[in-house]
Amino acid sequence: MDPRFREDDDKNIDMNKNITTSTTCPYCGVGCGVLASKEQDGSISVQGNKDHPANFGRLCSKGSALADTVGLEGRLLHPQVNGQQTSWDTALDAVADGFRKVIDEHGPDAVAFYVSGQLLTEDYYVANKLMKGFIGSANIDTNSRLCMSSAVAGYKRAFGSDSVPCSYEDLEQAELIVIEGSNTAWCHPVVYQRISKAKQDNPNLKIIVIDPRKTATCDIADLHLPLKPGSDATLFNGLLRFINNNDGIDWDFVNNHTEGFAEALISAQESEITIAHVAKMCELSRQDVEQFFLLFVNTEKTVTLYSQGVNQSSSGTDKSNSIINCHLATGRIGKPAMGPFSITGQPNAMGGREVGGLANQLAAHMDLNNPKHHDIVSRFWNTGNLATTAGAKAVDMFNDIASGKIKAIWVMATNPAVTMPDADKVREALKACELVVVSDCEQNTDTTACADILLPALAWGEKCGTVTNSERRISRQRNFLPHPGEAEEDWWIVSEVAQRLGFKEQFDYSSSADVFREHAALSGFENDGVRDFDISGLAELSDDEYEQLEPVQWPVTSAKPQGTPRLFTDNKFFTESGKAQFIAITPRAPVNAPSEEYPLILNTGRVRDQWHTMTRTARSAKLNGHISEPFVEVHPIDAETFAVEQDALAQIDSEWGTVLARVHITDTQREGSIFVPMHWNQQNASLSRVDAVVNPVVDPISGQPESKHTPVKIKPYQATWHGFILSRTQLKMPDTHYCVSVKGEQFWRYELAGDSTIEDYSAWAKQQLGDQGEWLEFADQTAQRYRAGIIKNEQLDAVVFVAPNHELPTRTWLSQLFTEPLISDEARANLLAGKPGADQPDVGPLVCACFGVGENTIKDAIACGAAKSVEDIGQQLKAGTNCGSCIPEIKKLFG
Amino acid sequence: MKEKLVLIGNGMAGMRTVDELLKLAPEKYDITVFGAEPHGNYNRIMLSPVLAGDKTIDEIIIHDVQWYQDHNITLHTGKTITEINRENQSVIADDGTTTQYDRLILATGSNPVILPIDGKELDGVISFRDINDVNIMIETAKTHKKAIVIGGGLLGLEAANGLMIQGMDVSVVHRGHILMNQQLDQTASDLMLEELETKGMHFLMDYDTAELVGEDRVEKVRFKDGTEVEADLVVMAVGVRPNIQLAQESGIACERGVLVDDTLKTYSPNIYAVGECVQYRNETFGLVAPLYEQAKVCAAQLASAGGDKYISSATATKLKVTGINLFSAGDFIGDDESEELVYQDPSRHIYKKLVLKENKIIGTVLYGDTSDGNWYFSLLGDKTDVSAFREDILFGQHQVDEDLY
């Protein structure tokens, strides 16, 4: 029986009614409103919420596929201690006892929490409160450290507070949008769609993309600056100087509302003398740099939108301040259509910042090292044990675990064994750690594999609480599914442990609303407008009001009950002096420069249709269709230099680790740089965790890792054979050197390659698939070619293809056969050819994930003249008409 | 005054030569034809369908008696030539008929091999060669039950199938373990055996016949291992041997067959030979395709229509047994230098094998799905390099881009 139906579950909700629930997407920081409808048969469908101000009904491919991800296969549904299923009591006692023991013997700094921007604000708040307020250590850090901590540090240095000044609507009102270090089209698709719509509506809107890669985002760019990786601060120092030399300075604003301009300008002038010099340092053309500078100076309504490309750097904080400097110098802040706008990667990175869930924050945007704040929080929480000094930031935290300084860690809702730099070392550290507790909704991740205690958490659609998106907008995540198995809310799990540690009344919460009210109250406690984060207006919400809470941008106070779209409209900042601070920036190169041995620079990031470590998105066959395998993008010249071939496999090595990936040769990549996506991990790939290769180097201020700059080398992977298996049933991952598993529509796909020879292919195939069913076999021994198909009850059950090189038939047609109830004689006869044969279409690789439209289908429509534009394709094939994230690719096909 | 052309053997090869000749030089010769059988010219390879009841004798007649008259050809049926007088260029039949010739064609065909065992002369022991044999089988089937066919080759299986259709209980005795081993390999043979068994045919594989037992009529077949099976009819289909008796007695150079050169001339003046009786470069012939080739070349010679020479080429075989699809051509076994492409769908009784050498097809066996047989056969004939579509070729012509071959 579906463990979701627990008679004893008081929180269980009636599955037999059609209900539409308004909730929020659990992926990127755009924070789109989602309407989830549950049909009577229990099936779920989702659509964008037209009333949600983040997306007005739009959803990206990932959001559109949310319904595919709510299944229970692979879920962690019961507490486990040392691999044994136990009761909650036993598990919670074990956690509490384990932590108490370590604290008693080694002090509070010997324990740590590593939490996540995937947590809801309420969960986050309780975890932070327990660690900082009552355990008395600041050893709580979060995967947001890997994501936007440099942006936080930049804002705090400039504004005295972690305040994102802008709203999405500023993008629509702007006349210049500078997108820096962000593939918005893929990573924040709905923001990208709002921008491209704005550009259609307003031809005067100019868009500049600053990114070493020519990403899909450049599709709407008037100018693309493929700058040298890591040279952003040089570019913006140059801009500051150019603004100054071209009467761009808003002296009134600079004189009355800022400090430190002179120093900032001096260091800018020291480092960047002329445009020619800037162009040289950034490896850009002089004309392009000048065009950018002129556009910036001459366009009042300018938003600079920046993300991981700026943040994930050993000088990320300086980079963000170099951007903010230019907005301060031109007074372009606190007004509509302008501002330095950092967009966050995760659904609740902002919520984490608000509760102070990072090791160098306290709570409610208050500071650890601020005695006044310390006093406020101590009194509010009624604790005498509040942490006083910053804890270990993510990279240090895992180093401390490796060194034994930290002996007990509790990981919540994240997968550090995959996502931390030098990930192999992190995994080893976790394995060696005395006590590892993991709360997660997945049974099998690279991190749960290292856990002593597993605690089943609720997933999206099951838990309820709030999240804050990139524009400070607090939205509700609401549950429309009952609790599966024994899974629970994270805030409840943490509170239970807190109570077992002796903090009964301080953690006596009855609901997420309860927690939220306390969090809101703390934000307003003795605030009086001196702290940016103030949602005291929500502190008195009744449970019903909380349930009904509409999306609202903080601050939300009695003065501004409807929230605040834009900060700093009064030109007052949260520094001592109340003035914004220029920061003098001296650009620094990335810590590890390319060398003779490691001549290339590895850049990492996301792909369009996967999220983080794929625990949810990889459940959707649709999403897996776009990019199914870990790949490395290589510039044609580098490909030639290092002898790697299109679609072959390559091995990428750094001083820290190794990955294998499929080669994509493209001139969208800079010569000297390669790109590998961040998503793949041990659960679905044998050797493709890119963070195992990434250097463990951090920004000295923010502690954010330099995930976009690691010196590496690349070489062809010398496989003796390549192959793939498609199987209706999930197989044990074949034990081959290269293996990637991909869930498809009614089948599982395994991409394989090996460096050891297989003597008897037929025998090997039967090892993988068993010898049941009707076997069709093709063998060309001398050509090392073997193919087999298995039919069970006139239905295709599996195929195996093996070849001496990577040139194998496309998987598309074979994949489609798995959706057919019976295999036709024709298909059976052509099966091992891997293609339908004459005059039967092969739709080719998937382009539109939403409607499953393949590349060949689109090409045909174009070739036969039926489609003359992306719009025609939309009308005829529906491709690109839902989330639109594939439109850049469709455009490419028009050539 | 026209030259005289005499044809000994009113069979397929000889008469095809006459047909070709009439196309080239209708008026060149006075033609006389001697046939030992009492019929006009008929399509011998269609005897199986006749036995299987799919065709009647009339339907397989190529030229009836009338046709010979219409073409002013003198036809002597039921007359066997017993002597060739090469000095005065005449032939003499068993009834004394003597005919002069300027040119002579030997087309005496072949004789079924009769195992040299006791009881081979018993009633109910026959071979499968001519209309007479077919008639005996059809008659026997009306009154008797158990048929034993000795020899699991093409002819034997067609006979066995026909007898089964005529209602007899048929067992095929085969000395080896591969049926039709001239055309099939073990895998294909196994698949066919399985299918024929489901049709009701029985097989005694690796059985070596020792003797046929019976009073007047055959009753039992006894094997070398001592075991016996009952038999009302025994059909010997263990192969054919070129019929060279007449030629030998007439002093025409023979080895296994009548020796001919590239133009089908024997080593004796004005005498030609075509068909199953000839031996060409150590090769003798049992299939129809090369016979027709020979007929063309020989006719051209007789018409003095020029110089094309006979070149022996690989031949393709199909089995005329309803529901059994097989195709075989060339060297389908191969050697150390050759390479094999194999496709199998056993549960559908499909097996395809191509043997390649230096990326060219040298042989093929197809069982169950023979739709691409002729394509492979032409690629084999044209010596096409198949490396460009090697991985698709076994899945059929529709899988391969035309401009690749």
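In case you missed it, the structure is sitting above this.
This structure is a prediction, so every number in the text was calculated from the model and none was measured.

A.B. asks: I'd like to hear about the overall build of chain B, residue by residue, with values.
C.D. replies: A tally of helices and strands in chain B yields ten helices and 27 strands. For chain B, buried positions account for 53% of its 405 residues. Long-range contacts, defined here as pairs at least 24 residues apart, represent 61% of the contacts in chain B between residues at least 6 apart. When the accessible surface of chain B is totalled, it reaches about 17500 Å², and 47% of it is carbon and sulfur. Here chain B holds 36 positive side-chain charges and 64 negative ones, and the gap between their average locations is 3 Å.

A.B. asks: Any details on helix α10 (residues 373–382) of chain B? Residues and values, ideally.
C.D. replies: All names here are of chain B. Turning to α10, its buried residues number three or more, namely Gly373, Trp375, Tyr376, Leu379 and Leu380. Angular distribution of buried residues about the axis of α10 spans 165 degrees; they occupy a single face of the element. Of the exposed residues in α10, the ones pointing more than 90 degrees away from its buried face are Asn374 and Asp382. The inward-facing, buried residues of α10 contact β24 (326–330), β26 (350–357) and β27 (360–367). Remark: Lys383 follows α10 within two positions and exhibits a positive phi of approximately 50 degrees.

A.B. asks: An account of the environment of Asn270 of chain B is requested, with residue identities and associated values reported.
C.D. replies: Residue and element names in this part refer to chain B. With respect to the helices, strands and loops of the structure, Asn270 is situated in the loop between β20 (258–259) and β21 (271–273). Asn270 sits in the partly exposed class, given a relative accessible area of 28%. Distance in space between the C-alpha atoms of Asn270 and Gln89 is 8.7 Å, their sequence separation being 181 residues. A polar atom in the side chain of Asn270 sits 2.7 Å from the side chain of Gln89.

A.B. asks: With reference to specific residues and values, describe the sheet that holds strand β19 (residues 552–553) of chain A.
C.D. replies: All names here are of chain A. The sheet built from three strands is open, its strands ordered β17-β18-β19 with antiparallel pairing. Looking along the sheet, the strands with just one partner apiece sit at the ends: β17 (465–468) and β19. The pairing of strand β18 (residues 473–477) with β19 spans two bridges and is classified as antiparallel. Bridge assignment links Arg473 to a residue of β19, and that residue is Gln553.

A.B. asks: Tell me about the sheet that holds strand β23 (residues 649–653) of chain A, and name the residues and values.
C.D. replies: All names here are of chain A. Strand order in the closed barrel formed by six strands is β21-β25-β22-β24-β23-β26, with mixed pairing between adjacent strands. Strand-to-strand twist across the sheet, computed as the mean angle between neighbouring axes with direction ignored, equals 45 degrees. Taken together, the four bridges between strand β22 (residues 631–634) and strand β24 (residues 658–665) define a ladder with parallel strand orientation. Opposite Glu633, over in β24, you have His664 as the bridge partner.

A.B. asks: Give a detailed account of unusual backbone geometry, specifying residues and quantitative values.
C.D. replies: Backbone torsion omega between Trp554 of chain A and Pro555 of chain A reads 0 degrees, so that peptide bond is classified as cis. Relative to the elements of secondary structure, Pro555 of chain A occurs in the loop between β19 and β20 (580–581). With a phi angle near 65 degrees, Gln746 of chain A is a residue other than glycine that sits in the positive phi range. Along the chain, the position of Gln746 of chain A falls in the loop between β28 (738–744) and β29 (747–754). On the accessibility criterion, Gln746 of chain A (44% relative accessible area) is partly exposed. Despite not being glycine, Asn72 of chain B has its phi angle at roughly 50 degrees, a positive value. Take Asn72 of chain B: it is sitting in the loop between α4 (65–70) and β5 (73–77). Using a relative accessible area of 65% as the deciding quantity, one classes Asn72 of chain B as exposed.

A.B. asks: Break down the interface of chain B and chain A for me, with residues and values.
C.D. replies: Across the contact, 17 residues belong to chain B and 23 residues belong to chain A. Of the roughly 1700 Å² buried between chain B and chain A on both sides combined, carbon and sulfur atoms contribute 39%. Counting the surface chain B buries against chain A, the share from its top three residues, Arg348, Glu391 and Phe395 of chain B, is 33%. In this structure, the connection of chain B to chain A is made through seven salt bridges. Salt-bridge contacts for Asp392 of chain B lead to Lys835 of chain A; the nearest nitrogen and oxygen are separated by 3.3 Å. Where chain B meets chain A, there are 15 residue pairs in polar contact (both at pLDDT 80 or more). Of the residues contributing to the side of chain B that touches chain A, the split by class is six nonpolar, four polar and seven charged. Judged from the three bridges that link them, strand β30 (residues 774–780) of chain A and strand β25 (residues 339–345) of chain B form a sheet pairing that is antiparallel. Counted as the bridge partner of Ala779 of chain A is Val342 of chain B from β25 of chain B.

A.B. asks: Quick one: what's the story with the side chain of Gln651 of chain A, residue by residue and with numbers?
C.D. replies: Here Gln651 of chain A shows up in strand β23. Side-chain polar atoms of Gln651 of chain A contact the side chain of Asp653 of chain A, separated by 3.1 Å.

A.B. asks: So what about the environment of Thr810 of chain A? Which residues, and what values?
C.D. replies: All names here are of chain A. Inspection of the secondary structure assignment puts Thr810 in the loop between β32 (795–803) and α26 (812–817). Sequence separation between Thr810 and Asp780 is 30 residues, and the spatial gap between their C-alpha atoms is 19 Å. When near neighbours in sequence (up to four residues on either side) are disregarded, Thr810 contacts Gly834 and Asp842.

A.B. asks: Report on the side chain of Asp162 of chain A, specifying residues and quantitative values.
C.D. replies: Looking at the secondary structure, you find Asp162 of chain A in the loop between α4 (149–159) and α5 (168–173). If sequence neighbours within four positions are ignored, Asp162 of chain A has contacts with Val152, Tyr155, Lys156, Arg353, Gln361, His365, Asp532 and Trp554 of chain A.

A.B. asks: Got a sec to walk through the pattern of salt bridges? Specific residues and values, please.
C.D. replies: Enumeration according to the criterion identifies 77 salt bridges over all chains in this entry. The partner of Arg379 of chain A in a salt bridge is Asp375 of chain A, and the shortest N-O contact between them spans 2.8 Å. Placement of both Arg379 of chain A and Asp375 of chain A in helix α16 (residues 371–381) is noted, with a separation of four residues, approximately one turn of the helix. Residue classification places Arg379 of chain A among the partly exposed positions, given a relative accessible area of 39%. Classification of Asp375 of chain A by relative accessible area gives partly exposed; the value is 37%. Note that Lys353 of chain B and Asp185 of chain B form a salt bridge whose closest N and O atoms lie 3.0 Å from each other. In this pair, Lys353 of chain B sits in strand β26 while Asp185 of chain B sits in the loop between β13 (169–174) and α7 (186–199), placing the two residues 168 residues apart along the sequence.

A.B. asks: Can you lay out empty space enclosed by the protein for me, pointing to particular residues and giving the numbers?
C.D. replies: Residue and element names in this part refer to chain A. With the rule as written, the count across this model stands at five cavities of 30 Å³ or more. One number sums up the size of the second largest cavity: a volume of about 110 Å³. Taken together, 14 residues line the second largest cavity, and the ones lying closest to its centre are Thr69, Val70, Ala459, Trp460 and Arg616. Along the lines of polarity and charge, the residues of the lining of the second largest cavity split into six nonpolar, two polar and six charged.

A.B. asks: Which residues make up a negative patch on the surface, and what values do they have?
C.D. replies: Residue and element names in this part refer to chain B. A surface patch of negative charge is lined by Asp123, Glu215, Asp216, Glu219 and Glu230. Mapped onto the elements of the fold, Asp216 is located in the loop between β15 (209–214) and β16 (218–223). Looking at Asp216, the relative accessible area reads 58%, which means it is exposed.

A.B. asks: Outline the packing of aromatic side chains, supporting the account with residue identities and numerical values.
C.D. replies: Enumeration according to the criterion identifies 41 aromatic pairs over all chains in this entry. Measuring from centroid to centroid gives 6.3 Å for Phe631 of chain A and Phe675 of chain A, while their planes differ by 35 degrees, and the two rings are tilted. Residue Phe631 of chain A is found in strand β22, and its partner Phe675 of chain A is found in strand β25 (residues 673–677); the two are separated by 44 residues along the sequence. The buried category is assigned to Phe631 of chain A, whose relative accessible area is 2%. Pairing Phe285 of chain B with Tyr310 of chain B gives two aromatic rings, centres 6.1 Å apart and planes at 75 degrees, and the pair type is edge-to-face. One end of the pair, Phe285 of chain B, is in the loop between β22 (278–279) and α9 (288–302); the other, Tyr310 of chain B, is in the loop between α9 and β23 (316–317), with 25 residues separating them in the sequence. Taken as a pair, Phe285 of chain B and Tyr310 of chain B share a single burial class, namely buried. Pairwise contacts between aromatic rings join Tyr155, Phe159, Phe253, Phe568, Phe573 and Phe574 of chain A into one cluster. If you follow Lys129 of chain A out to its NZ or CZ, it ends over the ring of Phe507 of chain A, 4.9 Å from the centre.

About the criteria used
- Residues numbered from 1 in each chain as written.
- Chains lettered and ligands numbered in written order.
- Predicted model: local features only at pLDDT ≥ 70, side-chain atom pairs only at ≥ 80, totals over all residues.
- Heavy atoms only, no water.
- Helix = DSSP H or I, 4+ residues; strand = E, 2+ residues; numbered from the N terminus.
- Buried < 20%, exposed > 50% of the residue type's maximum accessible area, 1.4 Å probe, protein only.
- Contact = heavy atoms within 4.5 Å.
- Areas by Shrake-Rupley, 256 points an atom, 1.4 Å probe, with all protein chains shown as cover.
- Lys, Arg positive; Asp, Glu negative; His and termini not counted.
- Charge placed at Lys NZ, Arg CZ, Asp CG, Glu CD.
- Arc of directions from axis to C-beta.
- Polar contact = N/O pair within 3.5 Å; in protein donor to acceptor, adjacent residues only side chain to side chain.
- Pairing = 2+ DSSP bridges.
- Axes fitted to C-alpha atoms, helices over the stretch in contact; angles between N-to-C directions.
- Buried area = accessible area lost by both parts, 1.4 Å probe.
- Salt bridge = Lys/Arg side-chain N within 4 Å of Asp/Glu carboxyl O.
- Nonpolar A, V, L, I, M, F, W, Y, C, P; charged D, E, K, R; others polar.
- 1 Å grid on protein atoms, 1.4 Å probe; cavity = no way out; pocket = protein on both sides within 12 Å on 5 of 7 lines; lining within 4 Å.
- Points joined across faces, edges and corners; volume = space filled by probe spheres on them.
- Patch = residues over 30% accessible without salt bridge, like charges linked within 9 Å, V, L, I, M, F, W, Y side chains within 5 Å.
- Phe/Tyr/Trp six-rings, centres within 6.5 Å; stacked < 30°, edge-to-face > 60°.
- Lys NZ or Arg CZ within 6 Å of the ring centre and 35° of its normal.

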